[in-house]
2 protein chains.
Amino acid sequence: MKIIDSTPRADGFRMPAEWEPHHGCIMIFPERADSWQFGGYSARKAFAQVAEAISRSERVTVCASERQYENARRLLPSRIRVVEMSSNDSWARDYAPTFVTNGSEIRGINWNFNAWGGLVDGLYFPWDLDNKMARKLCDLYEKDMYDLGNFTLEGGSIHVDGEGTCITTEACLLSAGRNPDLTKNEIEHNLHEYLNIDKVIWLKRGIFNDETNEHVDNICAFVKPAEVVLAWTDDEKDPQYELSRSCLEILERETDAKGRRITVHKLRCPSPVTVTAEECEGLDSCDFQPTRTPGERLAASYVNFYIANNAVVMPFFGDPADEPARELLAKLFPTREVIPIQARDILIGGGNIHCITQQIPIYTNPR
Amino acid sequence: MKIIDSTPRADGFRMPAEWEPHHGCIMIFPERADSWQFGGYSARKAFAQVAEAISRSERVTVCASERQYENARRLLPSRIRVVEMSSNDSWARDYAPTFVTNGSEIRGINWNFNAWGGLVDGLYFPWDLDNKMARKLCDLYEKDMYDLGNFTLEGGSIHVDGEGTCITTEACLLSAGRNPDLTKNEIEHNLHEYLNIDKVIWLKRGIFNDETNEHVDNICAFVKPAEVVLAWTDDEKDPQYELSRSCLEILERETDAKGRRITVHKLRCPSPVTVTAEECEGLDSCDFQPTRTPGERLAASYVNFYIANNAVVMPFFGDPADEPARELLAKLFPTREVIPIQARDILIGGGNIHCITQQIPIYTNPR
């Protein structure tokens, strides 16, 4: 594994869209008891279901600590690879490498990770093991690495169309806990150089109470070039309404890198999902504080799906909106099977299916 | 990674000789301070030299604990892969999988490992992480695995010629700390079934004071079918003399699985190597006992070399016997470069270059 001094843009590498062909997917087995209720038993089952669904059409590697290795091996089908790797938590989207491709070779990008805000408003301390994972994963896959370790970014805070456009949120990328010394232009420059894109569409905000400072991957996702799904509510009294409305207005007046107008599909959220007293009781405290309080609203959104080679793996919440969401995604991804996973046990940890996965583009031609 | 219920013999898989083509080699980065003097700093340098030498002609993966990952990455060239993996110590030969091949596919064997004798005369406690490594490595390489976890064997206690013959020592395989409930015939049966060999040549003993219960890989190694090197001394007063003499007598009257007589090349040992007081002071104690005592004789032998694709990597001890040993190996391996490594820092840990390496046979045809 070599560290490359140049940039993907200079070398002709770009971040592909998620629907482009994958070699496989990386996940991390959940363990920490202040993130996952009752010691993570139910979260591990949910993660295993996600991994199984993805593994039907691409190779899946699940990273597990030494402590969890046996559990992972037992819960996962034999076609899934389990590798030992230490982490502070289980958000592969945010700290596994962002991979870029030149069509035949792939390379990884190592961004700095500081637990969604470091000492300003980060969610746990320390985050050193998470922050080493991109490097270890490039090493594991024997892929060379661009090291942008002086720039803080999580994979969940960006989406690309593979044709020059990146979408993100100001709430996250301009937050005080990430790159306070960089201007918006400087941040955008890094995205241009490392993702090899030509335009950033800046949404203002994301999902209400999303503790990642409102990652884009919970509010808005490309489904094809010039076409997105947007988490939506018709309830004007819901605080989500104004957030989604603001996104819609921006998207309706924006064009993508190729000058196309953007079609927006409203993906209606479930009714507000709140954490129960029993669930809170099952969460260890973190830094002597409870990690959740009863009645706290969770950032539930159907936008947090993963596009696998032959499937879209999406969260269900046991809500009447589940089925309409599935139908919309099925319509938007006609060549893929939509596989719903009951995801409350993932949501309690603070994210969802997209947050716990990271795709690896193909790097040799398929047979 | 699937667990296979049958045996290699039943499936047409065999353990190839070490000189057959390798995909690569597995090593484990040293760390424990009761094995490696002064916290392992000098051992890590020596291991890195071995890895570098091997990596000139095959792919090398070095397993390192999370604590040592950065050190490994820093000390090793970028062409070597470092993967995080926990272990109790660093003897890849003894607890990485023994790989078998059918000519196109390879599979691993998981033997039980109990630190060279378990609670009878094992060398440390616990050994649980070591004993998990074969499984984790099969998983890492996505190779299916034969699980003989009820049979205790270390890779260093066997050598094969790839043509039906295995050589081992009674001192080790019949020791009280390994498989006391099995007869010699039953042990031999396991070797037949799992290595897919037809004949075991039983040497009595190995190298004097070899704390592995005298592994064969320190006393005698095949260099081609029907041809071995044997660690030797001409000094009849050295306790090694009787041990080597006994091996020679057995080898001279034995034939291999194909009925061939065996040519024996005497590979003369260095003058007795003993551990110094300063070295002992640099070793942490283990179970409240010193791991070495000043003046203790170490099991120094040139037989403990590794056959890489284009090289033979051998130990040097700073002894007048170094050069004649190198010359003999160069003569016996005319197509390979003999690369000597100053190995005292490895020897102090209790083994040598062969002990810290495990080859992986090729599993696709080379391009």
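Residues numbered from 1 in each chain as written. Chains lettered and ligands numbered in written order. Predicted model: local features only at pLDDT ≥ 70, side-chain atom pairs only at ≥ 80, totals over all residues.

(A) How the structure looks around the pairing of strand β6 (residues 106-112) of chain A. Residues and elements named next belong to chain A. Within β6, 6 of the 7 residues are buried, which leaves it mostly tucked inside the rest of the structure. Two elements, strand β5 (residues 98-101) and β6, share 4 bridges in a ladder whose sense is antiparallel. Pairing of Val100 across the sheet is with Arg107, part of β6. Counting the residues between successive antiparallel strands, the hairpin from β5 to β6 contains 4 residues, one of them, Gly103, with a positive phi of roughly 105°. Here β6 runs beside strand β7 (residues 145-152); their pairing, made up of 5 bridges, is parallel. Each bridged residue has a counterpart across the sheet, and for Trp111 the counterpart in β7 is Leu148. (Buried ≥ 20, exposed ≤ 12 C-beta atoms within 10 Å, placed from the backbone. Helix = DSSP H or I, 4+ residues; strand = E, 2+ residues; numbered from the N terminus. Pairing = 2+ DSSP bridges.)

(B) Inspection of the interface of chain A and chain B at higher detail. On the side of chain B, 16 residues touch chain A, which itself brings 16 residues to the contact. For the side of chain A that touches chain B, the secondary-structure elements that each account for two or more residues are α3 (66-75), β4 (81-84) and α6 (128-140) of chain A. In terms of residue class, the side of chain A that touches chain B is made up of 7 nonpolar, 2 polar and 7 charged. (Contact = placed C-beta atoms within 7 Å. Nonpolar A, V, L, I, M, F, W, Y, C, P; charged D, E, K, R; others polar.)

(C) Up close: the relation of the copies chain A and chain B. With an RMSD of 0.0 Å, chain A superimposes on chain B once it is rotated by 180° and translated 0.0 Å along the axis. Expressed as an axis order, the relation between the two copies is that of a two-fold axis. Proximity to the rotation axis, assessed at the C-alpha, singles out Glu84(A) in chain A; its C-alpha lies 3.2 Å from the axis. (Least-squares fit on C-alpha atoms with pLDDT ≥ 70 in both.)

(D) Local environment of α6(A). Residues and elements named next belong to chain A. Across its 13 residues, α6 extends 18 Å between first and last C-alpha, which sits within 8% of the 18 Å expected from 1.5 Å per residue. Where α6 bends most, the angle comes to about 35°, and this point is Ala134. Burial runs high along α6: 11 of the 13 residues are buried. When we look at burial in α6, the residues that qualify are Asp130, Asn131, Lys132, Met133, Ala134, Arg135, Lys136, Leu137, Cys138, Asp139 and Leu140. Downstream of α6 by one or two residues, Glu142 has phi in the positive range, about 55°. (Expected span 1.5 Å × (residues − 1). Bend = angle between axes of the 7 residues up to and from the residue.)

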